[in-house]
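An overview of the molecular structure
Next come the chains, spelled out residue by residue.
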Amino acid sequence: MPPTAPGPAAPPPRPAAAPVDAGALRRWAGAALTVLGRYREEIDALNVFPIADSDTGTNMYLTFEAACRALDDRMAAPGPAPSVPEALQALAHGALLGARGNSGVILSQLLRGAAGARYTGSAVDGAALAAGLAAAAELAYEAVARPAAGTILSVASAAAEAASAAAAAIGELAARTEAPADGQAGQASQAGQAGQVLPVQPVPPVPNPLTANDSLAYVAQATAAGAREALGRTPEQLDVLRQAGVVDAGGLGLVVILDTLAAYTGGLDPRGALRQRRLAAVRALEPVPAPARPEPEFEVIYLLEAADEAVAGLRRALDDFCERGGGDSLVVVGGDGLWRVHVHVDDAGFALEAGIAAGRPRDIQITHLASQVAKPAEPPALSASAAPGSRATRAVVAVAYGEGIAALLEEAGAHVLRVAPGRVPSAADFERAVAATRASEVVLLPNDTETTAVAAAVAERLSAGQPAMRVAAVPAKVTVQGIAALAVHEPSRRFDADVVAMTAAAGATRYGAIEVASAEAWTMAGVCRPGQVLGHVENDVALIEDDQAAAAEAVLERMLSAGGEMVTLVIGDGTEPGVPEAVTERVRMRHPVVDVVVYDGGQTGYPLLIGVE
């Protein structure tokens, strides 16, 4: 059920009624991860509960990224393709292993609940979605020791209720298949009111006749509408949100995910449908009031291998400890022998000892909360490691999607993170690469649009978690922008100045590419046939030609029409002989003052990458 582009005025065409499978689930999850990455910083800015450490969006993004990675591994494993419940289980397991922070732990439990729902029938329809959301909300509430109203739990519960109401309306309509048209219209109108406040798209009348895809799209839209309404109520339910003038950050993250599901099942590309719409309430200008009591000193998170009965004892012990004033925000999620424990405490040792008494803790993370809350909004102009009289150890980690590009980046002095074609490096990949540099200052060059959000989240987390380290991500969306950024990298500069210069160089580099169409498809430039060459300018297909040289020359003419001093060509696999030479000669003839540099990148997918500085 691939997404289609929305029309300017008319409603989008209904997607073909293909059954939802693990592949469709993964495509939705990938789109949700992209959109969550776009709004990560906005969600972080709203984070005032349970502690104002401005990391809810980052934690939810990294948790969901780990979930997607686990599903990728499951789908790539030998054997038959996973069913939808099996794919959901893979998402939930990956989220459990990669859960970050209070919001990430709860998100992993929501996925676990959805995976454990009792699905009936062979197709994933609206009833199945409603069942999954109900199970998710119930399990998430059980995981939190003292659930509070006005949080992600409230949003999840409202979403589940809206889904159940929509599924019930569909069930009533299905039972009245012989009803006259007037009765049908009345039923549709009544169903359309279920949870329909602030919808992503106006929730349509219940479709008749129904397909599994129709009912799934209808319930998904009602779900997102119910979640958005609940999000708007969170400041009324939680004093700290009302005083700060914001909605709940974790609830907003869940709304982003459900909005994406509504758009995807409705036949829209979520990455485009949600691009122009702000999702969050704006933070009030006045500062957030200080809490009435001191916040716990540490956040403790760990994985725990333990039996169910032992975990029940652990939960009681930690809950009693929190009740006596030793901490709060206790969340224990998981099952089948593997659990994720999260708690805010003054005595980190007690939380770990309780885990040791119950089983085998691992992947232990202890964060000093006060340092997270008190961190300045802007980094200091001069870090301690870059003070006069000392020389900071600085490194650049650059992502490479081909051996030729990897060699080029290494020659320029970067530490290269090699990535297989078609994959996106995970947060763990970046963290390992950063650790391998042994540097106190690290600049990340993602060199891919989908990777920029991962790099930004990792940079923020590492910088916040390790005071002696500074990590920044330059938003290089393609390899040619990364090359431009690396060309101006100067380790002797102050870290902030170096990052600014690299970011400016990447941003000043317009990019394009040519790609050979493998099938007939609709593009922004018209319908292409297999074997034709698509010319990309920035993120759009700008033209279609019959050969690579013509497409590359046309792309460059469009890009150079706005001016330029240097053209960078990166040759990939599948480049036709003579294309780089023909393009170079064309530039020299028509733009004699423009320099041309050619690199052998060896990338797949794009025979030629083009940059104009």
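**Remarks on the overall build of the protein chain**
The helix and strand inventory of the protein chain stands at 22 helices and 16 strands. Sorting the 613 residues of the protein chain into buried and exposed places 52% on the buried side. Expressed as a percentage of contacts within the protein chain between residues at least 6 apart in sequence, the contacts between residues at least 24 apart total 72%. Surface summary for the protein chain: the accessible area is close to 26,300 Å², and the carbon and sulfur share equals 55%.

**Regarding the sheet that holds strand β5 (residues 394-400)**
The sheet built from four strands is open, its strands ordered β6-β5-β7-β8 with parallel pairing. Every interior strand has two partners, whereas the edge strands, β6 (415-418) and β8 (470-473), have only one. For this sheet, the mean angle separating the axes of adjacent strands, direction not counted, is 20 degrees. Examined bridge by bridge, β5 and β6 share four bridges and lie parallel to one another. Bridging from a neighbouring strand, Ala 400 pairs with Arg 418 of β6. Sheet strands in contact with helix α17 (residues 427-437) are β5, β6, β7 (441-445) and β8, and its direction is about 145 degrees off that of β5.

**Concerning the packing of aromatic side chains**
Tallied over the full model, the rule gives one aromatic pair. The interplanar angle of 80 degrees and the centroid separation of 6.1 Å between the aromatic rings of Trp 28 and Phe 64 together place this pair among those described as edge-to-face. Note that Trp 28 is positioned in helix α1 (residues 22-38) and Phe 64 in helix α3 (residues 56-76), a separation of 36 residues in sequence. The class of Trp 28 is buried, set by a relative accessible area of 10%.

**Some details on the pattern of salt bridges**
A side chain with one charge can pair with a side chain of the opposite charge if their charged atoms come near. Evaluation of the coordinates by the stated rule reveals 17 salt bridges. In this structure, the salt-bridge partner of Glu 229 is Arg 233, at a minimum N-O distance of 3.4 Å. Separated by four residues within a single helix, Glu 229 and Arg 233 lie in helix α9 (residues 212-237), roughly one turn from each other. Given a relative accessible area of 32%, Arg 233 falls into the partly exposed group. Here Glu 305 and Arg 362 are joined by a salt bridge, their closest N and O atoms 2.7 Å apart. You can see Glu 305 sitting in strand β1 (residues 298-305) and its partner Arg 362 sitting in strand β4 (residues 360-368), a full 57 residues away along the chain. On the accessibility criterion, Glu 305 (31% relative accessible area) is partly exposed. A single salt-bridge network, built from bridges that share partners, covers Glu 553, Glu 557, Arg 586 and Arg 590.

**Section: the side chain of Thr 451**
Inspection of the secondary structure puts Thr 451 in the loop between β7 and α18 (452-465). The class of Thr 451 is buried, set by a relative accessible area of 0%. Within polar-contact distance, the side chain of Thr 451 engages the side chain of Asp 448 at 3.1 Å. Not counting the four nearest positions on each side in its chain, Thr 451 is found in contact with Tyr 401, Val 424, Pro 425, Phe 430 and Pro 446.

**As for the sheet that holds strand β9 (residues 510-516)**
Read across the sheet, six strands follow the order β13-β12-β9-β16-β14-β15 without closing on themselves; strand pairing throughout is mixed. Edge positions in the open sheet fall to β13 (540-545) and β15 (595-600), since each of these has one partner strand only. Between one strand axis and the next, the sheet turns through 20 degrees on average, direction left out of account. Bridging between β9 and strand β12 (residues 533-537) involves five bridges; their strand directions are antiparallel. Among the inter-strand pairings, Val 516 is bridged to a residue of β12, identified as Val 533. Across the sheet, helix α21 (residues 548-560) touches β9, β12, β13, β14 (566-571) and β16 (608-612), and the angle it forms with β9 is around 160 degrees.

**Here's the deal with the confidence of the model for the protein chain**
Within the protein chain, residue pLDDT values average 75, and 78% of them lie at 70 or more. Element-level pLDDT for the protein chain is lowest in helix α8 (residues 181-192), with a mean of 36, against a maximum mean of 91 in β7. Per-residue pLDDT stays below 50 along residues 177-204; that stretch engages in 40 contacts with residues further than four places along the chain or on separate chains. In the model, residues 271-293 has pLDDT below 50 throughout and makes 44 contacts with residues more than four positions away in sequence or in other chains.

**Some details on the nonpolar core**
Ranked by size, the top nonpolar core spans 106 residues in total, and within it Trp 28, Phe 64 and Leu 444 carry the most contacts. Those residues within four positions of Leu 444 in sequence are excluded, and the remaining contacts are Val 397, Phe 430, Val 434, Ala 455, Val 458, Ala 459, Val 471, Ala 472, Ala 473 and Val 474. Membership of the second largest hydrophobic core comes to 27 residues, among which are Leu 445, Val 474, Ala 476 and Ile 483.

**Let's talk about the pairing of β7**
Burial runs high along β7: five of the five residues are buried. Burial along β7 is two-sided: Glu 441, Val 443 and Leu 445 facing one way and Val 442 and Leu 444 facing the other are all buried. With five bridges joining them, β5 and β7 adopt parallel strand pairing. Residue pairing for β7: Ala 395 is matched across the bridge by Val 442. With four bridges joining them, β7 and β8 adopt parallel strand pairing. Along β8, the bridge assignment pairs Val 443 with Ala 472.

What counts, and at which threshold
- Residues numbered from 1 in each chain as written.
- Predicted model: local features only at pLDDT ≥ 70, side-chain atom pairs only at ≥ 80, totals over all residues.
- Heavy atoms only, no water.
- Helix = DSSP H or I, 4+ residues; strand = E, 2+ residues; numbered from the N terminus.
- Buried < 20%, exposed > 50% of the residue type's maximum accessible area, 1.4 Å probe, protein only.
- Contact = heavy atoms within 4.5 Å.
- Areas by Shrake-Rupley, 256 points an atom, 1.4 Å probe, with all protein chains shown as cover.
- Pairing = 2+ DSSP bridges.
- Axes fitted to C-alpha atoms, helices over the stretch in contact; angles between N-to-C directions.
- Phe/Tyr/Trp six-rings, centres within 6.5 Å; stacked < 30°, edge-to-face > 60°.
- Salt bridge = Lys/Arg side-chain N within 4 Å of Asp/Glu carboxyl O.
- Polar contact = N/O pair within 3.5 Å; in protein donor to acceptor, adjacent residues only side chain to side chain.
- pLDDT = per-residue confidence, 0-100.
- Core = buried A, V, L, I, M, F, W, Y, C linked by side-chain atoms within 4.5 Å.

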